[in-house]
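What the coordinates show
One letter stands for each residue in the lines below.
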Amino acid sequence: MSHNTIEENQRAQPLNHLSSVWLFGYGSLIYKADFPYLQRRPARIHGWQRRFWQGSHDHRGTPEKPGRVATLIEAPEKSCAGMAYEVTPDVFAHLDHREKNGYLRFFTEFEWLNSSGSVEGLVYVAGPNNEAFLGEASEAEIAAHIARSEGPSGPNSEYLLNLAAALRELDEQDEHVFAIERELLALGLGT
Ligand code: SIN
């Protein structure tokens, strides 16, 4: 599979017949909402865990020196908190471009974090078959990789540290993210 997923996402899932669509964000989409939205609400997705196993060629690294960013890995007993946004379908032109480096979107259910109820919406996941996938490594190795990576959107460490801060605000104990943060801070890469 090519790592540019724009066409694949638009072909697989035309959205223009819908008046609005919910989107679940679990990585930079939590703390960097560079798109208009109708409302946003903290939410949780079940059966997945957040992992820094995806390579970034276009935001926090380059094709020659990819950074490491978040994707979701299937984990039946786990869940992952994030931020859900209700957007109009035209916003997906921007989102598909932003998430083009290996992320495919699909509809799934997520539940509200602070109240009962759930909604069907889209989530972008970069699966193990995409060309930019880097896979598992220890949290110390991931931190060292992040520490030396940088791309058009800025230092890779900024992505990790912003995400850790956003997860604390959501009261989410993500040990994977917090362990990488500790390793990064030990390398002197705090803000
Ligand atoms: C997401 O945040 O939901 C996807 C990964 C990213 O853009 O960082």
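Quick summary incoming for the structure in this document. Please read all numbers here as calculations on a predicted model, not as lab measurements.

Description of the sheet that holds strand β3 (residues 67-87)
Judged by pairing direction, the barrel is mixed, and its five strands sit side by side in the order β1-β3-β2-β4-β5 before closing back on the first. With strand direction ignored, the average angle separating the axes of adjacent strands in the sheet is 45 degrees. In this structure, strand β2 (residues 39-56) lies alongside β3, joined through 15 bridges in antiparallel fashion. In the sheet register, Gly-55 faces β3, and the bridge partner there is Arg-68. The strands touched by helix α5 (residues 156-169) within the sheet are β2 and β3, with β3 carrying the most contacts at an inclination of about 80 degrees.

Focus: the site of the ligand
Looking at the ligand, the residues that line it are Phe-24, Gly-25, Tyr-26, Gly-27, Ser-28, Leu-29, Ala-70, Glu-99, Tyr-103 and Tyr-159. The contact in question runs from an oxygen atom of the ligand to an N or O atom on the backbone of Tyr-26, over 3.0 Å. Bound to the protein, the ligand loses 97% of the 250 Å² it would expose on its own. Of the residues contributing to the shell around the ligand, the split by class is six nonpolar, three polar and one charged.

Considerations on helix α3 (residues 91-98)
Restricting attention to buried positions, one finds in α3 the residues Val-91, Phe-92, Leu-95, Asp-96 and Arg-98. Along the axis of α3, the buried positions cluster into a sector of 160 degrees, meaning they face one direction only. Of the surrounding elements, those touching the buried residues of α3 are α1 (6-12), β1 (21-25), α2 (28-31), β3, β4 (103-112) and β5 (118-126).

The rules we used
Position numbers for residues start from 1 in each chain and track the written sequence from start to end. Since the coordinates come from a predicted model, pLDDT governs what is reported: local features require at least 70, and pairs of side-chain atoms require 80 or more to be given and counted, while whole-chain, interface and lining totals use all residues. As a rule here, side-chain values cover all heavy atoms of the structure and leave hydrogens and water aside. Paired strands, as defined in this entry, are two strands with at least two bridges between them according to DSSP. Only DSSP runs of H or I covering at least 4 residues are called helices, and only runs of E covering at least 2 are called strands; the numbering of each starts at the N terminus. Simply put, an axis is a line fit to the C-alpha atoms, just over the touching stretch for a helix, and the angle between two N-to-C directions goes from 0 to 180 degrees. In what follows, residue pairs with any heavy atoms lying within 4.5 Å of each other are defined as contacts. For this description, a residue counts as near a given molecule or strand if any of its non-hydrogen atoms is within 4 Å of it. Pairs of N or O atoms are called polar contacts if they sit within 3.5 Å, as long as, within protein, a hydrogen donor faces a hydrogen acceptor (for residues adjacent in sequence, only side-chain-to-side-chain pairs). Exposure was quantified through the Shrake-Rupley algorithm and a 1.4 Å probe, taking into account, for residues, occlusion by the shown protein chains and nothing else. Residues are grouped as follows: Ala, Val, Leu, Ile, Met, Phe, Trp, Tyr, Cys and Pro are nonpolar; Asp, Glu, Lys and Arg are charged; all remaining types, including Gly, are polar. When a residue's accessible area, from a 1.4 Å probe over protein chains only, is under 20% of the maximum for its type it is buried; when over 50% it is exposed; and in between it is partly exposed. Our arc is simply the arc of the directions from the helix axis toward the C-beta atoms.

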